[in-house]
Amino acid sequence: MKKLYPLLIALLSMPLMKAQTDLKIYDIINSVSAERIENDVTTLVNFGTRHTLSDTVSQTRGIGAARRWIKSEFEKISSECNDCLEVFYQKNLIPKGDNARIVNDVWVVNVVAIQKGTKFPNRYIIMSGDIDSRVSDPTNYTSDSPGANDNASGMAGTIEAARVLSKYQFESSVIYVGLSGEEQGLYGGKGLAEYAKEKGWDIIGILNNDMIGNITGVDGVVSNRDFRIFSEPVPPTETEQERRARRFYGGEVDGISRQLARYVYKTTKTYMPEMNPMMIYRLDRFGRGGHHRPFNDAGFAGIRIMEAHENYTQQHQDIRVEDGIAYGDVLEHVNFGYAKKLTAVNAINLASLAWAPPAPETVEIGGIVEPNAKLRWSKVDGAVGYKIYWRDTTSPTWDHARYVGDVNEFVLEGIVLDNYFFGVAAVGKDGHESPVVFPNKVFR
């Protein structure tokens, strides 16, 4: 027994290993309801049209009725969680002729619900869906435009995420928002991004959900597991000095939006391994746009989460039958089980980010012409330790990691700086991590 005693002391004094998973995340996944999503998509479709310039007075038709209903749903959720959501409209007046799709003066009105964080109330992670819909002619604001998949699915997913996550408390704030004016030129996102700048919000990132309900592609591929994560490589706001540094130190695919995309990939593979997240190295689909872009333009991290297999006959189309093909974005084409899965993907990433400590502001790297990689970083409030990540320079994901404890510098012995990319994440008490921060300084 005397021989075992020193060994027992040594074992008890070792740092506790960080849990790889948090059981609450599985509860969140299981709480998402396909039935509630179907009911919400159906309600949104039944407003007839949600075109940005459509009727705002009717109680049953048009975007005005739709946004009032969305606000009432957020308020109902808030009443069930002891008023945990701050619900309001954020709006901007867009004058006629601002672009070719704005044929009348119009108020672009977003519906915002904020669940305030307990420790970092000014840090925000955002999930968005689009309220508006359209037919073939983007200026036609009177014809029926059900917009079932594009984008009642994303809007319904955002409402459902609010229902599920409002049962929990987070250290950082979570925003659930319905954005308007997407089809007219990304006006809602631009307005909210400007509002965030004015208010001094510290935005971790936005998860833009635009079409999360279709599983049958125009190419004949059917899959209820694949989904795409679009992210731009580096922020458009980078400085000339930062651009020049990339030539020598790398980082051309390591901007803040790309790190957010990698975060979603990793969380999904950890907790929902049946899903196949596809990292798409592009701001959005070829030549097209989404509501994360205005946030990127403002210098915030933002990604688009959406179905992998689109059907172009069912988006931006007049409802009709032509050459035997039924065109139109109608309810019957939405797969609600799939929309449930992508809603869960969003919810678990919102929760993980909101439970995690802030990311280090500064990460420095050294080890030039040495056999070891050296990193040091600024410590953050709420972190119990830090994790160093590295990957081959051609790999899209962080493939290697080492938890190094509550320190602010570390040497990776035998890891040659030239052959890998590196980053550092802060780790919280329940194992939730911040996004990885790519080195932003060099030391010798």
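**Re the nonpolar core**
By size, the foremost hydrophobic cluster in this structure holds 66 residues, and its most contacted members are Ile28, Ile70, Phe74, Leu165 and Tyr176. Of all hydrophobic cores here, the second largest spans 19 residues; its members include Leu375, Trp377, Ile415 and Val424.

**Regarding the state of the cysteines**
Taken as a whole and assessed by the stated rule, the structure comprises one disulfide. Disulfide partner of Cys81: Cys84, at an S-S distance of 1.9 Å. On the S-S bond that ties Cys81 to Cys84, the torsion sits near -80 degrees, and the link is left-handed. Residue Cys81 is classed as buried on the basis of its relative accessible area of 13%.

**Some points on the sheet that holds strand E13 (residues 385–392)**
Judged by pairing direction, the sheet is antiparallel, and its three strands sit side by side in the order E14-E13-E16 without closing on themselves. Two strands close off the open sheet at either side, each with one partner strand: strand E14 (400–405) and strand E16 (420–427). Neighbouring strand axes in the sheet, compared pairwise and without regard to direction, differ in orientation by 20 degrees on average.

**Notes on the sheet that holds strand E12 (residues 373–377)**
Pairing in this open sheet of four strands is mixed, and the strands run E15-E12-E11-E17 from one edge to the other. Lying at the two open borders of the sheet, with one neighbouring strand each, are strand E15 (409–412) and strand E17 (441–442). Across two bridges, the pairing between strand E11 (residues 363–366) and E17 is parallel. In the strand pairing of E17, Glu364 is matched with Lys441.

**Considerations on the pairing of strand E4 (residues 172–179)**
Here E4 lies mainly inside the structure; eight of its eight residues are buried. The pairing of strand E2 (residues 106–115) with E4 spans five bridges and is classified as antiparallel. Counterpart to Ile114 in the pairing with E4 is Ile175. Both strand E3 (residues 120–130) and E4 contribute to a ladder of eight bridges, which runs parallel. The residue bridging Met127 from the neighbouring strand is Tyr176, located in E4. Between the parallel pair E3 and E4, the chain is carried across by helix H5 (residues 148–165), and the sense of this crossover is right-handed.

Definitions and limits used
Residues numbered from 1 in each chain as written. Predicted model: local features only at pLDDT ≥ 70, side-chain atom pairs only at ≥ 80, totals over all residues. Heavy atoms only, no water. Core = buried A, V, L, I, M, F, W, Y, C linked by side-chain atoms within 4.5 Å. Buried < 20%, exposed > 50% of the residue type's maximum accessible area, 1.4 Å probe, protein only. Disulfide = S-S within 2.5 Å. Pairing = 2+ DSSP bridges. Helix = DSSP H or I, 4+ residues; strand = E, 2+ residues; numbered from the N terminus. Axes fitted to C-alpha atoms, helices over the stretch in contact; angles between N-to-C directions. Right-handed = clockwise from strand over helix to strand, strands pointing away.

Interpretation note: all reported values are geometric properties and have no functional meaning in isolation.
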